[in-house]
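One letter stands for each residue in the lines below.
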Amino acid sequence: MQNDAGRIHELDAVRGFALCGILVVNIWQLTDMAEVRAPGEMIPLRHLLSVLFEGRFFPIFSFLFGLSFALFLDSAAQRTDRPRLVLIRRLVALGVLGLIHHQFQPGEALLPYALVGLVILLPATSLPRLAILVAGLAATIGVAVTLGGGFGLVPGLFLLGLAAARYDIADTLDERGWQLAALFALALPAAVLTAMWEYHTPYLDLLISTAPPIAGLLGALTYLTGLLLILRTETGAVLSEVLEPMGRMALTNYLAATILILLVEPHLHLAGSAKYGQLLALAAAIIVLQAVTSWAWLKLFYYGPMEWIWRCITWWDLVPARRLPEPVRYR
């Protein structure tokens, strides 16, 4: 369902959800926490967290980027005769921001997203939707079974997100309850089986095994469809109130999380340690902080601070950000 500003509530909530999962992985990557306790033997809690989080939320975020890219292009086409020029400026700005962020978090995603967006996603918008879908499936599956996961999955996932937009899936989510349920029912057992496969794969074999990317993609599909089903319930409505503001400020929250982790790490001494309990506590604290600040910020402004800067550069104009108080109506 779309709100008055044309945003799709479910997508914002899913984006916020993906951001939470990515945070857990980013903490151990950014602080370089210990992965093994003996040669070839992973730390049990780290191994479990890897199976639950690593490679599961990044695909969701990448898929949503491709989908949102298409929605933005369609919106831009209604405002300007040169929508692709607007998209190029948007991606270049994201790339510059990613280049700066890369100095603090070498594994960050913004720069690769911008590059893949320029080289693959933008040209693909001219293709028929069936060609986009086939290319997305081929690239995603092909990379997963040959090259592994990581950033190699981004092109295919971007194309799948673009295809989802071209098939109007985002705009018709309310009508797709049975399809989501069917996908979830198929994905869940497959995700569990492949997660067990990944969990029981020896540590030294994980680097060359196809288990992590395949299990990650199936886990991502399970998380995505499961959350979309939950959002249709009364409990999901409450959850959405928490996740939506975080998703609408995903860029701000993604960058702010890096700052928070770097500021806190010297006090927690996570580097080289196996303090994964503290990692989870830190992730929970950051999520709560960002949920509250995102909600409060969006009560006063239409966009998060980094989203506003990005939007101003995209349109090369000073975009109004402050929410004006509604006029008092007298009877």
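Everything below is about the structure printed above this text.
Residues numbered from 1 in each chain as written. Predicted model: local features only at pLDDT ≥ 70, side-chain atom pairs only at ≥ 80, totals over all residues. Heavy atoms only, no water.

## A closer look at the packing of helix 6 (residues 129-146) against helix 10 (residues 211-230)
To keep things clear, this is the line we draw: Note on method: axes are straight lines fitted to C-alpha atoms, helices fitted across the in-contact stretch only, with angles between N-to-C directions ranging 0 to 180 degrees. The numbering of helices and of strands both runs from the N terminus, where a helix is a DSSP run of H or I of at least 4 residues and a strand a run of E of at least 2. In this scheme, a crossing is called left-handed if the near helix is turned counterclockwise away from the far one by less than a right angle; it is called right-handed if the turn is clockwise. Two residues form a contact once any of their heavy atoms are found within 4.5 Å.
Following both chains from N to C, one finds helix 6 and helix 10 inclined at 145°, their axes separated by 7 Å at the closest point. Note that helix 6 runs across helix 10; the crossing there is left-handed. Note on element contacts: helix 10 touches helix 6 through P213, I214 and L217, opposite T140, A144 and V145.

## Points about the environment of T235
Cut-off, in case you're wondering: Remark: exposure states derive from per-residue accessible area (1.4 Å probe, protein chains only) relative to the maximum for the residue type, with buried under 20%, exposed over 50%, and partly exposed in between.
Tracing the backbone shows T235 in helix 11 (residues 234-248). Given a relative accessible area of 59%, T235 falls into the exposed group. Distance from T235 to W178, taken between C-alpha atoms, is 19 Å for residues 57 residues apart in sequence.

## Here's the deal with the packing of aromatic side chains
Cut-off, in case you're wondering: Aromatic pairs are defined between Phe, Tyr and Trp rings, using the six-membered ring for Trp, whenever the two ring centres lie within 6.5 Å; interplanar angles under 30 degrees are classed as stacked, those over 60 as edge-to-face, and all others as tilted. Charge over a ring is defined by NZ of Lys or CZ of Arg lying within 6 Å of the ring centre and within 35 degrees of the ring normal.
On inspection of all chains with the given rule, the structure shows 13 aromatic pairs. Ring centres of F58 and Y113 lie 6.1 Å apart, and the angle between their planes is 40°; this geometry places the pair in the tilted category. With F58 in helix 3 (residues 58-77) and Y113 in helix 5 (residues 110-124), this pair connects stretches of sequence that are 55 residues apart. Each member of the pair, F58 as well as Y113, is classed as buried. Linked through ring pairs, F58, F65, Y113, F151 and F158 together constitute an aromatic cluster. Note that R90 overlies the ring of F72, its terminal NZ or CZ placed 4.2 Å from the centroid. Its guanidinium or amino end placed over the ring of W310, R90 lies 3.7 Å from that ring's centre, counting from NZ or CZ.

## Comments concerning the packing of helix 1 (residues 9-31) against helix 12 (residues 250-268)
Heads up, the condition is: Each angle receives one of four descriptions, namely roughly parallel if under 35 degrees, roughly antiparallel if over 145, roughly perpendicular if within 65 to 115, and oblique otherwise. Nonpolar residues are Ala, Val, Leu, Ile, Met, Phe, Trp, Tyr, Cys and Pro. Charged residues are Asp, Glu, Lys and Arg, and all others, Gly as well, are polar.
For the pair helix 1 and helix 12, interaxial distance at closest approach is 10 Å and the crossing angle is 30°. As summarised for this structure, helix 1 and helix 12 are arranged roughly parallel, according to the angle between their axes. In this structure, helix 1 meets helix 12 at a crossing whose hand is right-handed. From helix 1, R15, L19, L23, N26, I27, L30 and T31 reach across to helix 12, where they touch A250, N253, Y254, A257, T258, I261, L262 and E265. Of the residues belonging to the contact of helix 1 with helix 12, the class tally is nine nonpolar, four polar and two charged.

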